[in-house]
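Letter by letter, the chains look like this.
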Amino acid sequence: MALVRERRQINLRLPELSDCRPRFPLPLPPTSTTTTTSNNSSNISCNDIEKIHVLGHGNGGTVYKVRHKRNSQIYALKVVHGDSDPLVRRQIYREIEILRRTDSPYIVQCHGSYEKPSGDIGIVMEYMELGTLDSILQKYGAFDESKLSHVARQVLHGLSYLHGQKIIHRDIKPSNLLVNKDMEVKIADFGVSKIMQRTLDACNSYVGTCAYMSPERFDPDTYGVNYDGYAGDIWSLGLTLMELYLGHFPFLPPGQRPDWATLMCAICFGDPPSLPEGASEEFRDFIQCCLQKESSKRWTTSQLLSHPFVCKNPISDLVDL
Ligand code: ATP
Ligand code: MG
């Protein structure tokens, strides 16, 4: 389906206010030789790969398509340069730490990481041929419900795994969900994620992209009774699915450039967005379960995985996106 729309050119990142110090052990500081790490036996380092071309630029880093010199296997390499902002460096350390802990078909896999004497830090990841859901939306237009059911199921499996490991992603959005040639959807980008130390750790720092942030992260007193952080990922998933269905960010008309105050007012004081006529009852109900303003009323990953919208049509796992 073709859909032409203006892309939002917005920079919604906010500084991390409460994360002055890392909360978990970081990789060793730079030494005179390159250090490498990985969560599996392949342990690919910078000497094993050659760059093919740039895949994209993110907040402080560049992602390359790379080839393994010996076996020609293709990977994605995320590089943060030695002279980059300390916040960006802290985020990539965090991403490495989390990718080293995770092992799930619904999470993008890390095949190695390294730090050069120059300070450049790299993460070798599995290559996701189709890119992000955001770029797929731009290229092919809005998603229909059966595709969204497929996306929702896979992201929920990924979130269920993460939440089971006490990890909150905190930046679920279309540009952080990657798709491979087998139409598998995987969660990426753990730079602002948080590993919970205790079940009831407070988790209300302003990190991630505020457009997808839940009401309780703006206003924990009003919307965050017994707030444990995990429900914030569910809110972001609900907004993400709506965006993929509508073709634009749900809180704003197409093309509008939001500022932080507009978004905060819309998210905290307005009603949650709802689907237009034409959406099925199941999809509408699923979105409502995700977009409850009061975080304790939002459904969990396991509840949502048994919602009819997600489990009515498992065969859609095989459809083309
Ligand atoms: P942000 O900094 O807000 O997260 P971003 O998600 O676009 O922005 P990166 O995560 O650095 O930034 O990724 C940049 C781009 O590189 C992505 O938009 C995507 O197109 C591409 N990319 C990232 N990881 C992979 C991967 N594993 N396989 C294929 N392409 C990837
Ligand atoms: Mg990203």
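Residues numbered from 1 in each chain as written. Chains lettered and ligands numbered in written order. Predicted model: local features only at pLDDT ≥ 70, side-chain atom pairs only at ≥ 80, totals over all residues.

- Under the annotation held in an unreviewed UniProt entry, the chain carries the name mitogen-activated protein kinase kinase and is attributed to Populus trichocarpa.

## Looking at the pairing of strand β6 (residues 121-126)
Then comes step 1: Taking burial as the measure, the six residues of β6 include five buried ones, the bulk of the element.
Then comes step 2: As paired strands, strand β4 (residues 74-80) and β6 are joined by six bridges and run antiparallel to one another. Bridge pairing in β6 links Ala76 to Met125.
Then comes step 3: In this sheet, β6 lies alongside strand β5 (residues 110-115) in antiparallel orientation, the contact comprising five bridges. From the neighbouring strand, Ser113 faces β6, where its bridge partner is Ile123.
Then comes step 4: Where β5 folds back onto β6 in an antiparallel hairpin, the turn is made up of five residues, including Gly119, whose phi is positive at roughly 100 degrees. (Buried ≥ 20, exposed ≤ 12 C-beta atoms within 10 Å, placed from the backbone. Helix = DSSP H or I, 4+ residues; strand = E, 2+ residues; numbered from the N terminus. Pairing = 2+ DSSP bridges.)

## Notes on the site of ligand 1
Then comes step 1: Within the structure, ligand 1 sits among 21 residues, and Gly56, Gly58, Asn59, Val63 and Ala76 are positioned closest to it.
Then comes step 2: Top contributing element to the shell around ligand 1 by residue count: strand β2 (residues 49-57), with three residues.
Then comes step 3: A breakdown of the residues in the shell around ligand 1 according to their chemical character gives nine nonpolar, 10 polar and two charged.
Then comes step 4: The residues that make up the shell around ligand 1 include at least three from each of domain 1 (29-126) and domain 2 (131-311). (Near = placed C-beta within 6 Å. Nonpolar A, V, L, I, M, F, W, Y, C, P; charged D, E, K, R; others polar. Domains from an automatic or database assignment.)

## Observations regarding the UniProt feature "binding site: ATP" (unreviewed entry) in the chain
Then comes step 1: The sites that UniProt annotates as "binding site: ATP" (unreviewed entry) are Lys78.
Then comes step 2: One can find Lys78 in strand β4. (UniProt positions renumbered as here; feature names shortened; annotations may be inferred.)

## What to know about the nonpolar core
Then comes step 1: Core analysis: the biggest nonpolar cluster contains 69 residues, and Tyr75, Val151, Ala152, Val155, Leu241 and Leu244 have the highest contact counts within it.
Then comes step 2: Element by element, the count of residues in this core is highest for helix α6 (residues 230-246), at 10 residues.
Then comes step 3: Built from parts of two domains, this core gets at least three residues from each of domain 1 (29-126) and domain 2 (131-311).
Then comes step 4: The contact partners of Leu241, leaving out residues within four places of it in the chain, are Leu148, Val151, Ala152 and Ile287. (Core = buried A, V, L, I, M, F, W, Y, C linked by C-beta atoms within 7 Å. Contact = placed C-beta atoms within 7 Å.)

## Section: helix α3 (residues 145-164)
Then comes step 1: For α3, with 20 residues, the first-to-last C-alpha span of 27 Å sits near the 28 Å given by 1.5 Å per residue.
Then comes step 2: Counting buried residues in α3 gives 15 out of 20 residues, a clear majority hidden from the surface.
Then comes step 3: Residue Lys166 follows α3 closely and has a positive phi angle near 65 degrees. (Expected span 1.5 Å × (residues − 1).)

## Some thoughts on the environment of Trp235
Then comes step 1: Relative to the assigned elements, Trp235 resides in helix α6.
Then comes step 2: Classification of Trp235 by C-beta neighbours within 10 Å gives buried; the count is 25.
Then comes step 3: Between the C-alpha atom of Trp235 and that of Met213, which follows or precedes it by 22 residues, the distance is 7.4 Å.
Then comes step 4: The residues contacting Trp235, other than those within four sequence positions of it, are Ser214, Cys290, Leu291 and Arg298.

## Details of the sheet that holds strand β7 (residues 131-132)
Then comes step 1: Strand order across the open sheet formed by three strands is β7-β9-β10, with antiparallel pairing between neighbours. A strand with exactly one partner marks an edge of an open sheet, and here the two such strands are β7 and β10 (185-187).
Then comes step 2: Bridging between strand β9 (residues 177-179) and β10 involves three bridges; their strand directions are antiparallel. Along β10, the bridge assignment pairs Leu177 with Ile187.
Then comes step 3: Against the sheet, α3 engages β9 and β10, with an angle of about 35 degrees to β10. (Axes fitted to C-alpha atoms, helices over the stretch in contact; angles between N-to-C directions.)

## Some points on unusual backbone geometry
What you tend to see is this: most non-glycine residues have negative phi, and most peptide bonds are trans.
Then comes step 1: In this structure, Arg170 is a non-glycine residue whose phi angle is positive, near 70 degrees.
Then comes step 2: Structurally, Arg170 is set in the loop between β8 (167-168) and β9.
Then comes step 3: The exposure class assigned to Arg170 is buried, which follows from the 23 C-beta atoms found within 10 Å.

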